[in-house]
Each structure stands twice: as structure tokens, then as C-alpha cells.
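# Observations on the three-dimensional arrangement
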Amino acid sequence: MTNSFLDKAYKVKGTKETQALYDAWAPSYDTEIAKHHYVTPKRTAQALRQFVMDSKTPVLDVGCGTGLSGQALVSEGFDVIDGLDVSEPMLRLAEKKAIYRDLILSDPGLPLPRGFRAMAAIGVIGIGGAPISLLDDMIESLAVGGKCAFSFNDLTLRDPGFQDRVDAMITEGYVFELLREYGAHIPGKNLNSTVYVLEKL
Ligand SMILES: C[S@@+](CC[C@H](N)C(=O)[O-])C[C@H]1O[C@@H](n2cnc3c(N)ncnc32)[C@H](O)[C@@H]1O
């Protein structure tokens, strides 16, 4: 029996519950996640970097949380990163890492900032997290030719709604798939994830 936030996270439903969970988890998020090794940020940042050559291209880190994803983006050589999240306590911790140019407290009902040529949603969309409509919003606001990197964990991959939406976007000619790669997510919890990079057409 465990009461960890990580286990609880996969059971929450809806934006309000998700936001409340991350508000409460914020102070212990980095420590708990580090204990189980969280490798998806590194994998996703590396994947995005393969297709975004200019290190000065600003990246919007959607669902930046406490900034672990931003740190991974910095490690891969991205110089300009803006972070966006629905949880103010998570954002306050991201600010302390002093790696973001700008941090935005977002409202899921409002459109995302437009014109970015690179975006990431690392460990954000899926079961216990943001709905698949966030991916539509990201692609909608991305510049044409822009790249969007994101991950789905094993629990999310088991729900066909998420991957089916990605496949439909590709079939509809809305995006081009540059990369889809299955690998480690949180090895300490025996979880894997698929990392995707899409280009907006
Ligand atoms: C598992 S954390 C991942 C944080 C960070 N990307 C990382 O890799 O450590 C998920 C984050 O997504 C945020 N989130 C959930 N739904 C969201 C939404 N609709 N829009 C923006 N952020 C959202 C949560 O508040 C939380 O900070």
C-alpha cells in the first residue's frame, strides 16, 4: 500500500482534480520523481533537438511543472525556454530554477500563445494529466513547420483515444510524424513511454 503522489496521479480525472493534485504535489515532486528515475524529459528533449537545429529557437514547455522538463531542454542545448502550467505552486518552483525566459499560468479554457516553432509537453498529456485536446491546442497554435514533441506513458498508451488522435492528425495531413519511439519512462515504477515529434504542415 502506497500513498505516493505518483500513484495518485494516475487516478485523478478532469482538469480541476489534476490541478489540485499538482498544487499539493509541488513541494515533494522533484524528490519523489528523482527516487524512481524519470527519463522521459531527457528522451523527449533529445528527440526535439534532432529536428530543431537552431539553439536560439524559443521552446514553449507546456505543462512545465517544477521545471524538470526545462532542465532537460537546457541540457540538450536549447537557450530560450518559456514555461506554461495550470498549477501555480509548480510554476513557483520552476521559477526558482532560473532557466525560463517567461513563465505563464495558463487556463485550460484559453488558447495557447501563438507562433512558437518548437513546443514540448513532457509527461503532461494522458491518464491523470491533460486531455488529448491539449495536443490539438498545441498544434493549432504552433507555427507552420514548427515541431511539437510530447510523450504518452504506458497507461495512456493503453487507452486508444490518445494514440488514435495522433494517428488521425497524421492521416488528415495536419501534421507529419518525424519520430515515434518507445522506451523508458520511470524505470523505478517499471513504466515506459512513447516519445513523438510532429511537424505542423
Ligand atoms: C507529471 S507533471 C510534468 C511536469 C514536467 N513537464 C516534467 O516533466 O517534470 C504534469 C504537469 O502538467 C500540468 N498540466 C496538467 N494539465 C495541464 C494543462 N491542461 N495545461 C497545462 N499544464 C497542465 C500539471 O500541472 C503538471 O505540472
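Parameters at a glance
- Residues numbered from 1 in each chain as written.
- Predicted model: local features only at pLDDT ≥ 70, side-chain atom pairs only at ≥ 80, totals over all residues.
- Heavy atoms only, no water.
- Near = heavy atom within 4 Å.
- Polar contact = N/O pair within 3.5 Å; in protein donor to acceptor, adjacent residues only side chain to side chain.
- Areas by Shrake-Rupley, 256 points an atom, 1.4 Å probe, with all protein chains shown as cover.
- Helix = DSSP H or I, 4+ residues; strand = E, 2+ residues; numbered from the N terminus.
- Nonpolar A, V, L, I, M, F, W, Y, C, P; charged D, E, K, R; others polar.
- Pairing = 2+ DSSP bridges.
- Phe/Tyr/Trp six-rings, centres within 6.5 Å; stacked < 30°, edge-to-face > 60°.
- Buried < 20%, exposed > 50% of the residue type's maximum accessible area, 1.4 Å probe, protein only.

What follows is about the site of the ligand. Around the ligand, a shell composed of 18 residues is seen, among which Tyr29, Tyr38, Gly63, Asp85 and Ile122 lie nearest. Between the ligand and serine 69, the relevant distance is 2.9 Å, taken from a nitrogen atom to a side-chain nitrogen or oxygen of the residue. The contact in question runs from an oxygen atom of the ligand to an N or O atom on the side chain of aspartate 85, over 2.6 Å. The protein chains hide 95% of the 600 Å² of surface that the ligand would expose on its own. Only helix H2 (14–36) and helix H4 (68–75) provide two or more residues apiece to the shell around the ligand. At three residues, the largest contribution of residues to the shell around the ligand is made by H2. Looking at the shell around the ligand residue by residue, the classes come out as 11 nonpolar, six polar and one charged.

As judged from the 10 bridges shared by strand S6 (residues 175–186) and strand S7 (residues 191–200), these two strands associate in the antiparallel manner. Opposite glycine 183, over in S7, you have serine 193 as the bridge partner. Adjacent in sequence and paired antiparallel, S6 and S7 are bridged by four residues, among which asparagine 190 carries a positive phi angle near 60°.

In this description, a pair of aromatic rings is defined by centroid distance and the angle of the planes. In total, this model carries seven aromatic pairs according to the counting rule given. Both rings, one in tyrosine 22 and one in tryptophan 25, keep their centres 5.5 Å apart while their planes meet at 20°; by these two values the pair is stacked. Here tryptophan 25 and tyrosine 22 lie together in helix H2, a separation of three residues that amounts to about one turn. Of the two residues, tyrosine 22 and tryptophan 25, neither departs from the other in class, the shared state being buried. Look at phenylalanine 152 and phenylalanine 162: their rings are 5.7 Å apart centre to centre, the planes differ by 70°, and that puts the pair in the edge-to-face class. Of this pair, phenylalanine 152 sits in strand S5 (residues 147–153) while phenylalanine 162 sits in helix H8 (residues 160–171), and the two are 10 residues apart along the sequence.

None of the figures reported here should be taken as evidence of function without further support.
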